Amino acid sequence: MKNLKLHFNILITLLLFSCSSGGDDYSNTTDPTDPDPDPVDVSSATIWKGATVTFTKADNTNPSQPANQDNITSNVKITRGQSGGWLYNIAKESSANKSVSPIGTRWAVGNINQVNSLSFGTFNSKVGKPKNALGKNLVVHLVDDNIVLSLKITSWSQGSGNGQGGGGGFSYERSSE
């Protein structure tokens, strides 16, 4: 009976430790699988909590046209290819590379009010497939501008366009200055 009690107590202790959130351990860090593993320090960043801006890029539209880019700052202009694919920053790259795009940005899943305790990384390392980001609260660090904003993807077209549906359309809501 003593052994059973001892084993039960050990089991409960292990369960309690394994279920703890450990949130403080990840403050301003990146994902270990991230291709750019430098920690993200947002403690001095400007936090944008202004009015919500909605951006939409329609299917089968040219990403090089300014109307199809969210011109957040001169360093960050988010768009998506005409035949689909990942988001990219047309101010810094000519097409998407799922490992690092959008260049000049770092992403976290969470709420902007908890920015100093979030773990930042590439878009891919934080959401996996872009369709998995639909409806999630995201926080984006614009690295060169040292600005942090909130963003929520509200639609994501799938398919290459060419009669197969999709065609690079997406929309999101984000905070502004």
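Rules used in this analysis
Residue numbers here run from 1 along each chain, matching the order of that chain's written sequence. The predicted nature of this model means local features are confined to residues of pLDDT at least 70 and side-chain atom pairs, given and counted, to a pLDDT of 80 or more, with totals for whole chains, interfaces and linings taken over all residues. Side-chain measures here rest on the full set of heavy atoms in the structure, leaving out hydrogens and waters. Salt bridges are defined as contacts in which a side-chain nitrogen from Lys or Arg sits within 4 Å of a carboxyl oxygen from Asp or Glu. Here a helix means four or more residues in a row that DSSP labels H or I, a strand means two or more in a row labelled E, and each is numbered from the N terminus. Relative accessibility under 20% of the residue-type maximum defines a buried residue, over 50% an exposed one, and the middle range a partly exposed one, all with a 1.4 Å probe and only protein chains included. Among the buried residues, those of types Ala, Val, Leu, Ile, Met, Phe, Trp, Tyr and Cys that are joined through side-chain atoms within 4.5 Å form a nonpolar core. Ring pairs are drawn from Phe, Tyr and Trp, using the six-membered ring of Trp, whenever the two centres fall within 6.5 Å, and their geometry is named by plane angle: stacked under 30 degrees, edge-to-face over 60, tilted for the rest. Geometrically, a charge over a ring is one whose NZ (Lys) or CZ (Arg) sits within 6 Å of the ring centre while staying within 35 degrees of the ring normal.

S.K.: Sorry if this is basic, but what is going on with the pattern of salt bridges here?
M.R.: Opposite charge on two side chains lets them pair, provided their charged atoms get close. Throughout the structure, instances matching the rule amount to two salt bridges. Of the charged contacts in the structure, one is a salt bridge between Arg174 and Asp70, with a shortest N-O distance of 2.7 Å. Of this pair, Arg174 sits in strand 13 (residues 170-175) while Asp70 sits in strand 4 (residues 70-71), and the two are 104 residues apart along the sequence. Its relative accessible area of 8% is what places Arg174 among the buried residues. In this structure Asp70 comes out as buried when scored by relative accessible area, which is 5%. Its salt-bridge partner being Asp144, residue Lys92 comes within 2.7 Å of it at the nearest N-O pair. Of this pair, Lys92 sits in the loop between strand 6 (84-89) and strand 7 (105-109) while Asp144 sits in the loop between strand 9 (138-142) and strand 10 (147-156), placing them 52 residues apart in sequence. Judged by its relative accessible area of 48%, Asp144 falls in the partly exposed class.

S.K.: Is there a simple way to explain the nonpolar core in this structure?
M.R.: A general trend in soluble globular proteins is that nonpolar side chains are found buried together. One finds Ile72, Leu87, Phe123, Leu151, Ile153 and Tyr172 to be the most contacted residues of the largest nonpolar core, which totals 21 residues. A per-element tally of this core places strand 10 first, with five residues. Core analysis: the next-biggest nonpolar cluster, separate from the first, contains ten residues, Ala45, Ala108, Leu118 and Val148 among them.

S.K.: Would you mind showing me how to read the packing of aromatic side chains here?
M.R.: In this description, an aromatic ring pair is defined by two values, namely the gap between the centres and the angle between the planes. If you walk through the whole model with that rule in mind, you get six aromatic pairs. Considering the side-chain rings of Trp156 and Phe170, the 6.0 Å spacing of their centres and the 50° angle between planes classify their relative orientation as tilted. Taken together, the positions of Trp156 in strand 10 and Phe170 in strand 13 put the pair 14 residues apart, joining distant regions of the chain. Both residues of the pair, Trp156 and Phe170, belong to the buried class. Cluster of aromatic residues (ring-pair linked, three or more members): Phe55, Trp156, Phe170 and Tyr172. The lysine or arginine in question, Arg80, covers the ring of Trp156, its NZ or CZ lying 3.8 Å from the ring centre.

S.K.: Is there a simple way to think about unusual backbone geometry in this case?
M.R.: A negative phi angle is the norm for most residues apart from glycine, just as the trans form is the norm for most peptide bonds. The step from Ser101 to Pro102 runs through a cis peptide bond, and the omega angle for that step is -10°. Considering the arrangement of structural elements, one finds Pro102 in the loop between strand 6 and strand 7. Phi is positive for Asn60, close to 55°, though the residue is something other than glycine. Its location among the elements puts Asn60 in the loop between strand 3 (52-57) and strand 4. A relative accessible area of 45% places Asn60 in the partly exposed class. The backbone phi angle of Asn146 is positive, close to 50°, even though this residue is not glycine. Tracing the backbone through its elements, the reader meets Asn146 in the loop between strand 9 and strand 10. With relative accessibility at 23%, the residue Asn146 sits in the partly exposed group.

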